[in-house]
Amino acid sequence: MQADAFQRRSVVLTVGDLPIPAAIADGPVEDQPEGLILPRGPVTLLHPFGTTRFFRHGWHSWSPTGWVDLGKIPVPVQPEYRRPMADDPLYATSPRHTGSGLGALRAPDGRVLLLGALDLGARVEADADTLRGFYEPPAATSRTSARSGGWFLGFGEERTVFSAYAGLLARELGKRKPSRAPRVWCSWYSFYRAISQEALLEVLSQVRELPFDVFQVDDGWQRGLGDWEANDRFPSGMEALAERISAAGLQPGLWLCPFIVGPKTRLFQDHPEWLLRDSTGQPVKAGHNWGDFYYCLDTTLPDVQEWLVGLVRRVTGWGYRYLKLDFLYAAAMPGKRYRPVHREEAYREALQIVRDAAGDAYILACGAPIFSSLGLADGLRVGPDVAPFWDNDDRSELLHDRSGPGARNAIYSTLHRLWLRELVHTDPDVVYFRTRYNLLTTTEKEYLKALALITGFKATSDPPAWLDPEERTALETFLTAEPTVTQSGPYRFRIDGQDVDFSAVVESVDG
Ligand code: 9PG
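These notes cover the structure that comes with them. These numbers were taken from a predicted model, which means no experiment stands behind them. (Residues numbered from 1 in each chain as written. Predicted model: local features only at pLDDT ≥ 70, side-chain atom pairs only at ≥ 80, totals over all residues. Heavy atoms only, no water.)

## Some points on the environment of L453
Thought 1: Assignment of secondary structure puts L453 in helix α12 (residues 442-455).
Thought 2: The class of L453 is buried, set by a relative accessible area of 16%.
Thought 3: Along the sequence, L453 and E482 sit 29 residues apart, while their C-alpha atoms lie 7.9 Å from each other. (Helix = DSSP H or I, 4+ residues; strand = E, 2+ residues; numbered from the N terminus. Buried < 20%, exposed > 50% of the residue type's maximum accessible area, 1.4 Å probe, protein only.)

## Observations concerning the sheet that holds strand β26 (residues 485-489)
Thought 1: With respect to topology, three strands assemble into an open sheet ordered β26-β27-β28, the strand pairing being antiparallel. Looking at which strands have only one partner, the edges of the open sheet turn out to be β26 and β28 (498-501). With strand direction ignored, the average angle separating the axes of adjacent strands in the sheet is 30°.
Thought 2: Taken together, the four bridges between strand β27 (residues 492-495) and β28 define a ladder with antiparallel strand orientation. For F493, the partnering residue across the bridge sits in β28 and is V500.
Thought 3: In the packing of α12 onto the sheet, the strands contacted are β26, β27 and β28, and the crossing angle to β27 comes to about 75°. (Pairing = 2+ DSSP bridges. Axes fitted to C-alpha atoms, helices over the stretch in contact; angles between N-to-C directions. Contact = heavy atoms within 4.5 Å.)

## Quick word on the packing of aromatic side chains
Each aromatic ring pair is summarised here by two numbers: the centre-to-centre distance and the angle between the ring planes.
Thought 1: Counted according to the given criterion, the structure contains 32 aromatic pairs.
Thought 2: For the pair Y135 and W151, a centre-to-centre distance of 4.9 Å together with 55° between the ring planes defines the contact as tilted. Placement of Y135 in strand β11 (residues 130-135) and of W151 in strand β12 (residues 151-156) is noted, with a sequence separation of 16 residues between them. The two residues Y135 and W151 agree in class, both being buried.
Thought 3: On the numbers, 5.5 Å between centres and 85° between planes, the contact of Y294 with F327 is edge-to-face. Placement of Y294 in strand β20 (residues 292-296) and of F327 in the loop between β21 (322-325) and α9 (343-358) is noted, with a sequence separation of 33 residues between them.
Thought 4: Site record: aromatic cluster; members linked through ring pairs are W59, W62, W221, W228, W255, W290, Y294, W318, F327 and Y329.
Thought 5: The ring centre of W67 lies 4.2 Å from the NZ or CZ of R106, which sits over that ring. (Phe/Tyr/Trp six-rings, centres within 6.5 Å; stacked < 30°, edge-to-face > 60°. Lys NZ or Arg CZ within 6 Å of the ring centre and 35° of its normal.)

## Details of the site of the ligand
Thought 1: As a structural note, the neighbourhood of the ligand is formed by 15 residues, with Y189, D218, D219, K324 and D385 the closest of them.
Thought 2: Interatomic distance of 2.7 Å between a side-chain N/O atom of D218 and an oxygen atom of the ligand.
Thought 3: The side chain of R381 places a nitrogen or oxygen atom 3.1 Å from an oxygen atom of the ligand.
Thought 4: For the ligand, whose unbound accessible area comes to 450 Å², protein coverage reaches 93%.
Thought 5: Class assignment of the residues belonging to the shell around the ligand gives a composition of seven nonpolar, one polar and seven charged. (Near = heavy atom within 4 Å. Polar contact = N/O pair within 3.5 Å; in protein donor to acceptor, adjacent residues only side chain to side chain. Areas by Shrake-Rupley, 256 points an atom, 1.4 Å probe, with all protein chains shown as cover. Nonpolar A, V, L, I, M, F, W, Y, C, P; charged D, E, K, R; others polar.)

## What to know about the side chain of S372
Thought 1: Among the structural elements, S372 can be located in the loop between β22 (362-365) and β23 (379-381).
Thought 2: Judged by relative accessible area, which is 1%, S372 ranks as buried.
Thought 3: Not counting chain neighbours up to four residues away, the residues in contact with S372 comprise L120, E344, Y347, R348 and L351.

## What about the sheet that holds strand β19 (residues 285-289)?
Thought 1: Taken in spatial order, the three strands make up an open sheet running β18-β20-β19, and their pairing is antiparallel. Every interior strand has two partners, whereas the edge strands, β18 (260-261) and β19, have only one.
Thought 2: Judged from the four bridges that link them, β19 and β20 form a sheet pairing that is antiparallel. If you follow G287 over to β20, its bridge partner there is Y294.

## Let's talk about unusual backbone geometry
Thought 1: Of note, the bond from Q78 into P79 is cis; its omega dihedral lies within 30 degrees of zero at -10°.
Thought 2: Topologically, P79 is positioned in the loop between β6 (66-69) and α2 (83-86).
Thought 3: Residue P138 follows P137 across a cis peptide bond; omega there is -10°.
Thought 4: By the secondary structure assignment, P138 is in the loop between β11 and β12.
Thought 5: We note that Y192 has phi near 50°; this positive angle belongs to a residue other than glycine.

This is the structure we're talking about:
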């Protein structure tokens, strides 16, 4: 049945005269106020827009997302081993611009033609003549819900069309958006891996005086990637730390990567049979970081699923109520799985297992495939990491990699994923208030702050002791603000009556 669905004849449309539809070759078509619902199976649209701009949607949190110029052939990210950290590695060398889940073209009058999948595993690509959507085999089939699949084809004003599509995604994949996003202090962007019990308790004593909700311990507490136990810098253990955080009136938060395995870990040694492998039997590399390659778990294995439940129960049992789950795309990497389901379905099932084990703990999905996380994650990182600098031009330009840390890359992708706000808390990453250890200008910091006020997801890594009195006041004002936000243009907003225009940031990337 799955093969049938996949091999179904293409739907071919011609967008000669707008508004659509023109001619539909196969299958039932349902009318939507802003467009059409097309059946599952490949869709090819012949469009008259030539080398216009194409909305290219990145695969996971860090994957660049925005309007690319169809006249410019995509250039693969270098070096090769970084490709999965930048985007879906299967399309890294495609000569066509390829997006995950959806794609859109800009018509000469500014309106957009959007082709968006209503199920997992879809890709949309474009060139000067065609907009083409297809589902990868095998079809993603949910064990828990009957998703109808198919496509949404919409034409109209950009925000209206994206919003109509978001509404359909909510229907197909669910939406999970608890009231207000928590206000988070996160250890990463000040201490990086150099955290310790002592250093964090010192910061906790300052953070507790400010209106934060969560104190989140990031990378650096664990023995290894897969060995999720406290290392020697946390001599009292993680449960004791969670107790101290709770006693300070904050919710304990913890970073972990449930789906990756470091090569020097006990997990890697004890369970080589748990690793996702390629068709030649080699373990699949999910990327290179922490000075080495790291690998993926085959999350369709019953033993791995049991281990995942145990892991999540253990950390929530320690008292952590906010889980920043990172490098999640590893569970959706191409490979040969124990159960031959589509890789994004495998990922979604694994995230569902984690979701169920976490109970009502808040899940922030990071490095996460966007579509397959919808309806399960509470918060979703929608751009690359920020950094206390604007951009690393060498990586962005010379290595063709806009997924690297930097304020510009983070702002750029987040702006193009604001339409997801209807479905999930979109996390633009932290805001900087400090001057200390920071190369960002005041304007650049203001952009980050405005974006956090727009999304409503507020976080910082600044230890209050690093701030001068004015910076501290600015942080406090930010944390307590509940501004009225309206959008007045593609990249223009009014935040409590103040105009913020990101157009210059976008133009600086798009050229
Ligand atoms: C901890 C960090 C922070 C951060 C996450 C994630 O491409 N890369 O090499 C790459 C490395 C780290 C990274 C993103 C990309 O950051 O987004 O907030 O938790 O891990 O290691």
